[in-house]
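Structure assessment
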Amino acid sequence: MGKSTFFLIPTFVFLMAKSIIIQPANSAELRKAIFGVRREVFVVEQEVSEEEEYDEYETSSFHLAAIVDGKIVGTCRYRSTDKGTKLERFAVLKKYRGKDVGECLVRHCLDLVHTEHHVYLHAQVQVVDFYAKFGFEAVGPQFEEAGIQHYKMVLESIARST
C-alpha cells in the first residue's frame, strides 16, 4: 500500500474593514439620530441631565454624523465662540468604540476647521490622551462640567503661540 501525502493548506479569511462615513447632520432625520447617540452616551451611560446635554447651541452648531453600515454610530459638533472654534459633544456608541469611529470624527472635524485661528475642546479626563494624538494639549487646571472632570485642550501650535 502506497503512502499518502496530505498537504495542509492554510485558509485565510480576510475581513474587510467596515467603512466609516462622516457627513453633515443637516436633515431632521440625521439630527434625530445623532441626538439619540448623544442621549445613549451622555444621558444614559454618563448620567448627564438632558437639560445640560441639549443646549441653546444646537441650532447654531455644525453637527457631524458617523455612519457604519447605514447606522448612525457617532457624532460631534463644532461652533464658534468668543474664544475660538470649540469642538464638542464627541460621542460614539459603546459597541463601536475602539473601531476608529472617534478618530474619523476628530480628523474630519479638524479638516473642516483647519483655517481657524484658535481651536479648542473640553476633554473628559479619561480621553485626554486620545485627543493628544491629534495635537491637542491640556492647558489650565482640571474642572468639572456636567458632573464630569475635564481639561481644556487646545491645538499644540496654538498653545505655544499664546
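Coordinates for the structure precede this section.
First, a word on what this report is: a plain description of the structure on this page. As the structure is a computational prediction, the values presented were derived from the model and not from experiment.

Our next topic: the overall build of the protein. For the protein, the helix and strand inventory stands at five helices and seven strands. In the protein, the order of α-helices and β-strands from amino to carboxyl end is β-α-α-β-β-β-α-β-α-β-β-α. Residues classed as buried in the protein amount to 41% of the 162 residues present. Counting only contacts in the protein whose residues sit at least 6 apart along the sequence, the fraction spanning at least 24 positions is 58%. Carbon and sulfur atoms form 55% of the exposed surface of the protein, whose accessible area is close to 10,400 Å².

Moving on, we come to helix α3 (residues 101–112). It helps to recall that an α-helix has 3.6 residues per turn; residues three or four apart then point in one direction. Over its twelve residues, α3 runs 17 Å from end to end, which matches the ideal 16 Å to within 8%, given 1.5 Å per residue. Taken together, the buried positions of α3 are occupied by Val101, Gly102, Glu103, Cys104, Leu105, Val106, Cys109 and Leu110.

The subject of this paragraph is the sheet that holds strand β3 (residues 71–81). Here seven strands make up an open sheet; going across it, the order is β1-β2-β3-β4-β5-β7-β6 and the pairing mixed. In this open sheet, the two strands that pair with only one neighbour each are β1 (20–24) and β6 (136–145). The sheet shows a mean angle of 25° between the axes of neighbouring strands, direction not considered. Across the sheet, helix α1 (residues 28–45) is in contact with β1, β2 (62–68), β3, β4 (84–92) and β5 (119–124); its angle to β3 comes to roughly 95°. Most of the contacts of α3 go to β4, to which it runs at about 160°, and overall it touches β1, β2, β3, β4, β5, β6 and β7 (148–155).

So, on to the pairing of β6. Of the strand pairs in this sheet, β6 and β7 are connected by seven bridges, and their pairing is antiparallel. When the sheet's bridge partners are listed, Val139 is paired in β7 with Lys152. Between the antiparallel neighbours β6 and β7 lie two residues, among them Ala146 with a positive phi of about 55°.

Moving on, we get to a negative patch on the surface. Taken together, the side chains of Glu51, Glu52, Glu144 and Glu145 define an acidic patch exposed on the protein surface. Taking the relative accessible area as the measure of exposure, Glu52 reaches 45% and is therefore partly exposed.

As a further point, take α1. Counted at 1.5 Å a residue, the expected span for α1 with its 18 residues is 26 Å, and the 24 Å between its end C-alpha atoms agrees. The largest bend in α1 comes to about 35°, at Arg39. Within α1, the full set of buried residues consists of Leu30, Ile34, Val37, Arg38, Val41, Phe42 and Val43. Residues of α1 that are buried sit in contact with β1, α2 (50–53), β2, β3, β4 and β5. At the exit of α1 stands Glu47, carrying a positive phi of roughly 60°.

As a further point, take the side chain of His150. Within the fold, His150 resides in strand β7. Excluding residues within four positions of it along the chain, His150 makes contact with His122, Ala123, Gln124, Val125, Pro141, Gln142, Phe143 and Glu145.

Leu87, Phe90, Val101, Leu105, Leu110, Tyr131 and Phe136 are the most contacted members of the largest nonpolar core, which totals 40 residues. Looking at this core, the elements with two or more residues in it are α1, β2, β3, β4, α3, β5, α4 (128–132) and β7. Considering each element in turn, this core owes the most residues, six residues, to α3. When residues no more than four places from it in sequence are discounted, the contact partners of Val101 are Ile20, Ala66, Val68, Val73, Gly74, Val92 and Tyr96.

Each value, and the rule that gives it
Residues numbered from 1 in each chain as written. Predicted model: local features only at pLDDT ≥ 70, side-chain atom pairs only at ≥ 80, totals over all residues. Heavy atoms only, no water. Helix = DSSP H or I, 4+ residues; strand = E, 2+ residues; numbered from the N terminus. Buried < 20%, exposed > 50% of the residue type's maximum accessible area, 1.4 Å probe, protein only. Contact = heavy atoms within 4.5 Å. Areas by Shrake-Rupley, 256 points an atom, 1.4 Å probe, with all protein chains shown as cover. Expected span 1.5 Å × (residues − 1). Pairing = 2+ DSSP bridges. Axes fitted to C-alpha atoms, helices over the stretch in contact; angles between N-to-C directions. Patch = residues over 30% accessible without salt bridge, like charges linked within 9 Å, V, L, I, M, F, W, Y side chains within 5 Å. Salt bridge = Lys/Arg side-chain N within 4 Å of Asp/Glu carboxyl O. Lys, Arg positive; Asp, Glu negative; His and termini not counted. Charge placed at Lys NZ, Arg CZ, Asp CG, Glu CD. Bend = angle between axes of the 7 residues up to and from the residue. Core = buried A, V, L, I, M, F, W, Y, C linked by side-chain atoms within 4.5 Å.

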